[in-house]
Number of protein chains: 6
Amino acid sequence: MRPSGRNLDEMRVVSIETGVMRHAEGSCLIKMGNTHVLCTASVEDRTPPFLKNTGLGWVTAEYGMLPRATNKRNRREAATGKQGGRTIEIQRLIGRSLRAGIDRSALGERQITVDCDVIQADGGTRCASITGGWVALELAIRTLMKSGAIATNPIVGNVAAVSCGLYAGQPVLDLDYDEDSAAGVDGNFILLDDGRMIEVQMSGEGSVFSRTDMDAMLALAAKGVDELVAAQKAAL
Amino acid sequence: MRPSGRNLDEMRVVSIETGVMRHAEGSCLIKMGNTHVLCTASVEDRTPPFLKNTGLGWVTAEYGMLPRATNKRNRREAATGKQGGRTIEIQRLIGRSLRAGIDRSALGERQITVDCDVIQADGGTRCASITGGWVALELAIRTLMKSGAIATNPIVGNVAAVSCGLYAGQPVLDLDYDEDSAAGVDGNFILLDDGRMIEVQMSGEGSVFSRTDMDAMLALAAKGVDELVAAQKAAL
Amino acid sequence: MRPSGRNLDEMRVVSIETGVMRHAEGSCLIKMGNTHVLCTASVEDRTPPFLKNTGLGWVTAEYGMLPRATNKRNRREAATGKQGGRTIEIQRLIGRSLRAGIDRSALGERQITVDCDVIQADGGTRCASITGGWVALELAIRTLMKSGAIATNPIVGNVAAVSCGLYAGQPVLDLDYDEDSAAGVDGNFILLDDGRMIEVQMSGEGSVFSRTDMDAMLALAAKGVDELVAAQKAAL
Amino acid sequence: MRPSGRNLDEMRVVSIETGVMRHAEGSCLIKMGNTHVLCTASVEDRTPPFLKNTGLGWVTAEYGMLPRATNKRNRREAATGKQGGRTIEIQRLIGRSLRAGIDRSALGERQITVDCDVIQADGGTRCASITGGWVALELAIRTLMKSGAIATNPIVGNVAAVSCGLYAGQPVLDLDYDEDSAAGVDGNFILLDDGRMIEVQMSGEGSVFSRTDMDAMLALAAKGVDELVAAQKAAL
Amino acid sequence: MRPSGRNLDEMRVVSIETGVMRHAEGSCLIKMGNTHVLCTASVEDRTPPFLKNTGLGWVTAEYGMLPRATNKRNRREAATGKQGGRTIEIQRLIGRSLRAGIDRSALGERQITVDCDVIQADGGTRCASITGGWVALELAIRTLMKSGAIATNPIVGNVAAVSCGLYAGQPVLDLDYDEDSAAGVDGNFILLDDGRMIEVQMSGEGSVFSRTDMDAMLALAAKGVDELVAAQKAAL
Amino acid sequence: MRPSGRNLDEMRVVSIETGVMRHAEGSCLIKMGNTHVLCTASVEDRTPPFLKNTGLGWVTAEYGMLPRATNKRNRREAATGKQGGRTIEIQRLIGRSLRAGIDRSALGERQITVDCDVIQADGGTRCASITGGWVALELAIRTLMKSGAIATNPIVGNVAAVSCGLYAGQPVLDLDYDEDSAAGVDGNFILLDDGRMIEVQMSGEGSVFSRTDMDAMLALAAKGVDELVAAQKAAL
């Protein structure tokens, strides 16, 4: 029934290649099918002004998409002079999600910026960014610990994200672009590796959903995140 | 236990005054305790370019906050030269939510812009904007129907929104600013009047939540939205 | 002869309601007929850089208009990415005018920002902003004096403003939108309560005016400002 | 008593050199003492959208200042990314003033843009821009009439402008920078050549003025404009 | 003598992998040592306005760099709100260079946008962008010819670019970052495959160069471009 | 053969008038035929942040063009909100070129900003800006030396620039607008007074050039720069 022939609860093939960027403290290239996102984590020894002298660190994220990541070329945001509403919404979500996996007090007064750049897009780029961004972030933290800059491990647990939705009336896991653009309802589920939830966003543009729909999607999401966490751990 | 002395499942006093703006096709001033939002709906006989010759209409929203709506003066976004990430995120949510209550085919090729301007803020401004914005929107649609511009009623059902969260470990309904700034988890629940869900956003910045927490918040949200829909119907 | 049926030297009904904003050090809602402006005064314990270590304070103003304050919806300046020329011109005028009523040395090194937000517009919004802005400013100064932050009263005298113009060849007081858009000549008169002038702007776009016209408008303005100062004092 | 040694009612030496720009339909370099402004008038066979099919033309103005026109280098507005409030205020004034000297119906559906670029500044740049801008504009109109593009002369009368102020308590004509920066009150007077007024702006930042002061300044302005109109006519 | 141990006239290892992007009409990933640039060519059936109805096509380029392509993270241009001067200079050079290899009349009224995104930087990114951009462009043209959209082959000749400079007083070929940042003089040489020159830029910031230096660099450039053209042809 | 009737190796008449701006530390008006550029050098006792505590000074440049410097009015960059790509490219070139004539260590920690504003354009504005900019810069340095602020003369040698190109197949010196807009190849040659090269840019948009063409242009450039240096020395 799915355009890709996948089962309702079947993820796309996931691959996570680490250490792909020479300069970054942590990096990976995550592929979820034809969605490819390059994630880097950059460490700076300063925090945003609002955290000065609090002893707390910060994790933030930026998101971008190459102009021809999609079927039709998009205008380059650097050329239009501002990041679009969708970009801003996504990068705020990535930042919030990753922060939930980190003890900012153990991190200390430093900032880690996770850049997620979509090289190729086929649906689910924000979830792939979070899952891959986590790997880059954890690698950067290992670098900091190896160097002795951090004494206590600030990692609370792995953060991973997957999308679910109602496609042709059925709950499906890990929507690709064909499904995403036709789905009545879709949601993003960001979870810790122990199954607790960090953020849940379910939205039915031009449509609504019931409690039963929601429960079905939550069950799929839990299965998907388990597989993603396994892939993260294998890569690390 | 709540700073305001309210019960866990107790909303703030809600008031919705309609017809407060002389020029707009629909308007109201919604107050949820000390959060006051002025909502207007403006009709234009044109749609965005991507809907040309589709027969479909559009509902969009813009959100703003007066500089001194809050305890500390915020810089005016018109002066800084751009809308902040939070503003953009909120107005996109308001637009998506309101569209779910409208049959865009019955609306026909016209656009209704709902402006939500926060006069005074005490938490929950995005939910108040959706609930009040719906009233302005429904009034504008009545204006269009009275004038004969629309033949079939495009209203699918009332849209209303409320926030819930975990405050001091307890699920609470309709957070005010004191609760919001201290809550570990908070969520926005946008529902149709029949209880079906349009959008659910639950987020635990620096925290996580369990399925049990989520169920408790969903139950509170259903109660809150029932009361808000009653207030909308009374005002209309 | 006037569209509203008013006499040539008759003001619209003026009302000034104080204390309408919970957070601001001073606030009022001024109504001149259907023109409604919300004014707040916000105190900060710092001055602009050019006044550092001079012992002098600063009063500045910002002006905005809700998108549907007018008959046709205007684009939100925060969304267009800049304040228009008219907005900038008006807020500079408000700031200059209010500063003339304050002894900046007695104010000391602090800044008061007066925000004037037009909720509904029917002509004369800049004059209403000055007259109402003064009330918000004076209330903020009373707050500062009560708290002991200021020892000497910095108030030189009440500042109020009114528009006059030539409508259908006749000098008229306090133009509403119908008159304003048809007037050959119109002027804004900002006076101190003792009748001395702070700023006079008379302009005849596509028209000119004589010394006799000017004298007639000055006489009307003096009458109008007297009434406005009385309304300010009653409100305070 | 004046820093320059001039009499109270004495203008600076005025010179207007026409035809200084090879490409423009009209141009001049106006010098009022050490204030030098290059004015060009550019004709386009289109009007702004709001005048389409009205038969009316438009005259607009833009104002700029070279970075080192002043004693201290100013940042280039093209580099800062926007025109400052002062620039916008001035160019709107120049445009309004020049339009008063033109019958826009006789001009027909075309736009003339008058660019006033301050090469060197020593006070009174906006008045010099109006006086010189008029000369450029009249030359452009002569070009249009010679070519037969315009049949009826659209010139209503010469437009010229001068500043007056209270310096050291005395009314003075044509303030230079030393006077302007010290003056308690200063005003700009834009007149037609028959003495009727187009725009009058009197402002006392941190000061006020009486009716007597105003009358004295008006008398000086009338004298100054007479001399400027004579200089315009000599140059043309 | 060179930090990398290369001979003076030795290029870095070049690799060009084609077809790396699923959606673009032409694409490649070019690596010159540790400098990696992803190049895509996107075809649109419209030209810029200035070419309407001329029968001529257009080739343009945009250049970007991922924030962590370099040793220290750079601010994302989309976030700063504008492309920097260096970016603008580079993308104009890429566009001009590629156009020299295309007969725009045979291309017909369509536009090809070549996006060059630097994934990793180690000096010479503008030259790598031109050399790789050419491959993407030629692939897009082949796509157009295969589909029958273009009848006559518009390719004039391969375009390739290499940098040369004076490092430690010696002329060297294909500078990497270590050399580039220390070089007194460096130049970019963009040539056609027959050895004729499209653009030559030699610059000695804080230094100068003689005719002899220039001749030495030109000889190195000719050798380098020969090798790059061979790599292009092998990849295509 | 040339539109102007000049010989192939004949420059336009050059004139350099110094001291034209009252406020600048150095200034000149350079005319190369109908291309007129006003150049000022402004000294500030601070360097850009990246030079703090290095003992080195900085020379930078900004370039602008009056809206009606050209045959058709260009939009004012201050009004469009950003400097165009061409402006940015040119001012970076001017800055780099002028720095090559200065020993930044002898200059000490101060910045000189050279503003080049094109009053009238007829081709070759960037070269005129460099040649005139040098004169303004040298005058500013003399001012600094006379005042004792600089002890050692930081001047390495005069910097001057000229354009050459292939017009109708022939190498020509100092292209005017008619030639520039028709030339297949054109180049800018920035030299020191001893003939050594600072920057060479040769570009054939839609065309290519051979080594023989290049040699011919270099010979012309050397002749041109000799004449320009003579004019600079005469003016100084």
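The name given to chain A in an unreviewed UniProt entry is Ribonuclease PH, with Pararhodobacter marinus as the source organism. Under the heading Subunit (unreviewed entry), UniProt records this for chain A: "Homohexameric ring arranged as a trimer of dimers." Under the Sequence similarities (unreviewed entry) heading, UniProt states for chain A: "Belongs to the RNase PH family."

Here we come to the sheet that holds strand β1 (residues 14-18) of chain A. Residue and element names in this part refer to chain A. Read from one edge to the other, the open sheet built from five strands follows the order β1-β2-β3-β5-β4, with strand pairing classed as mixed. Two strands in the sheet have a free side with no partner beyond their single neighbour: β1 and β4 (58-65). Across the sheet, the axes of successive neighbouring strands diverge by a mean angle of 20°, strand direction being ignored. For strand β3 (residues 35-44) and strand β5 (residues 111-120), the ladder comprises nine bridges, and the chain directions are antiparallel. Within β5, the residue paired with Thr40 across the bridge is Asp115. Of the strands in this sheet, β1, β2 (26-32), β3, β4 and β5 are in contact with helix α4 (residues 125-146), which crosses β3 at around 35°.

With that out of the way, let us pick up the interface of chain A and chain B. Residue-level contacts link 28 residues of chain A with 28 residues of chain B. In this assembly, chain A packs against chain B so that about 2600 Å² is buried in total across both faces, 53% of it on carbon and sulfur atoms. Connecting chain A to chain B are four salt bridges. Breaking the side of chain A that touches chain B down by element, the ones donating at least two residues are α2 (85-99), β9 (197-203) and α6 (211-235) of chain A. Residue composition of the side of chain A that touches chain B, grouped by class: twelve nonpolar, six polar and ten charged. When β9 of chain A meets strand β9 (residues 197-203) of chain B, the two strands line up antiparallel, connected through five bridges. Paired with Gln201 of chain A across the bridge in β9 of chain B is Gln201 of chain B.

Let's shift gears to the relation of the copies chain A and chain B. Expressed as a screw operation, the relation of chain A to chain B combines 0.0 Å of axial shift with a rotation of 180°, fitting to an RMSD of 0.0 Å. In short, the pair behaves as if placed about a two-fold rotation axis. The rotation axis passes nearest to the C-alpha of Gln201 of chain A in chain A, at a distance of 2.2 Å. A shared interface surface links the copies, since 100% of the contact residues of chain A are contact residues in chain B too.

Quick notes on the rules
- Residues numbered from 1 in each chain as written.
- Chains lettered and ligands numbered in written order.
- Predicted model: local features only at pLDDT ≥ 70, side-chain atom pairs only at ≥ 80, totals over all residues.
- Heavy atoms only, no water.
- UniProt positions renumbered as here; feature names shortened; annotations may be inferred.
- Pairing = 2+ DSSP bridges.
- Helix = DSSP H or I, 4+ residues; strand = E, 2+ residues; numbered from the N terminus.
- Axes fitted to C-alpha atoms, helices over the stretch in contact; angles between N-to-C directions.
- Contact = heavy atoms within 4.5 Å.
- Buried area = accessible area lost by both parts, 1.4 Å probe.
- Salt bridge = Lys/Arg side-chain N within 4 Å of Asp/Glu carboxyl O.
- Nonpolar A, V, L, I, M, F, W, Y, C, P; charged D, E, K, R; others polar.
- Least-squares fit on C-alpha atoms with pLDDT ≥ 70 in both.

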